[in-house]
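# An overview of the molecular structure
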Amino acid sequence: MSGYLQDGLALVNQAVQLDSTGNAADAVNLYQRSLVCFEQALIGEPNPQTRALIASKMAEYKNRKEELEASLARVDLSERMSRVGVATLPSQVARAPPAAQLPLPPAAARPNVGPASSQRPPSV
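Since this is a predicted model, take the numbers as computed values, not measurements. (Residues numbered from 1 in each chain as written. Predicted model: local features only at pLDDT ≥ 70, side-chain atom pairs only at ≥ 80, totals over all residues. Heavy atoms only, no water.)

Next up on the list: the packing of helix α1 (residues 3–20) against helix α2 (residues 24–44). Contact geometry of α1 with α2 gives a least axis separation of 8 Å together with a crossing angle of 160°. When the axes of α1 and α2 are compared, the pair comes out roughly antiparallel. At the point where α1 passes α2, the crossing takes the left-handed sense. Of the residues in α2, those in contact with Tyr 4, Leu 5, Asp 7, Gly 8, Leu 9, Leu 11, Val 12, Gln 14, Ala 15, Val 16, Leu 18 and Asp 19 of α1 are Asp 26, Ala 27, Leu 30, Tyr 31, Arg 33, Ser 34, Cys 37, Phe 38, Gln 40 and Ala 41. Residues belonging to the contact of α1 with α2 are distributed by class as follows: 14 nonpolar, four polar and four charged. (Axes fitted to C-alpha atoms, helices over the stretch in contact; angles between N-to-C directions. Helix = DSSP H or I, 4+ residues; strand = E, 2+ residues; numbered from the N terminus. Parallel < 35°, antiparallel > 145°, perpendicular 65-115°, else oblique. Left-handed = near helix turned anticlockwise from the far one by under 90°. Contact = heavy atoms within 4.5 Å. Nonpolar A, V, L, I, M, F, W, Y, C, P; charged D, E, K, R; others polar.)

Encoded structure:
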């Protein structure tokens, strides 16, 4: 087993451990570092079956890294929005009351609008 493969396996084992304990940010970093090692291991690996296995596992680890990155991005966006007072969940969004429940302005403040025919200019 090459040194790169051993290093990649050690890093990915740490990444999986951190991932399982909820430490996504550090897990992403270790997944990325392990992928670099696995790429180097592929370059020097003469056995096609081993190369295929390494490539398959790399795809799995890359997908997991991308899932964690997307999750971290959503959490970061949500945190930034909440810091500036923007609602992020539907339950946090104030619902407007139905139109029937809106108060009407006093009669004196309402415009005097009649039927559409009375709004036409007089004919000559």
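Quick look at the pattern of salt bridges now. The tally for this structure, following the rule as stated, stands at four salt bridges. A salt bridge links Glu 60 to Lys 57, with the shortest nitrogen-to-oxygen separation between them at 3.3 Å. Placement of the pair is Glu 60 and Lys 57 together in helix α3 (residues 48–83), with a separation of three residues, close to one helical turn. The partly exposed category is assigned to Glu 60, whose relative accessible area is 42%. For Glu 69, the salt bridge identified is with Lys 65, shortest N-O distance 3.4 Å. One end of the pair is Glu 69 and the other is Lys 65, both in helix α3 and four residues apart, which spans about a single turn. (Salt bridge = Lys/Arg side-chain N within 4 Å of Asp/Glu carboxyl O. Buried < 20%, exposed > 50% of the residue type's maximum accessible area, 1.4 Å probe, protein only.)

As a further point, take the environment of Glu 69. Residue Glu 69 is classed as partly exposed on the basis of its relative accessible area, which comes to 35%. Between the C-alpha atoms of Glu 69 and Asn 29, which are 40 residues apart in sequence, the distance is 9.8 Å.

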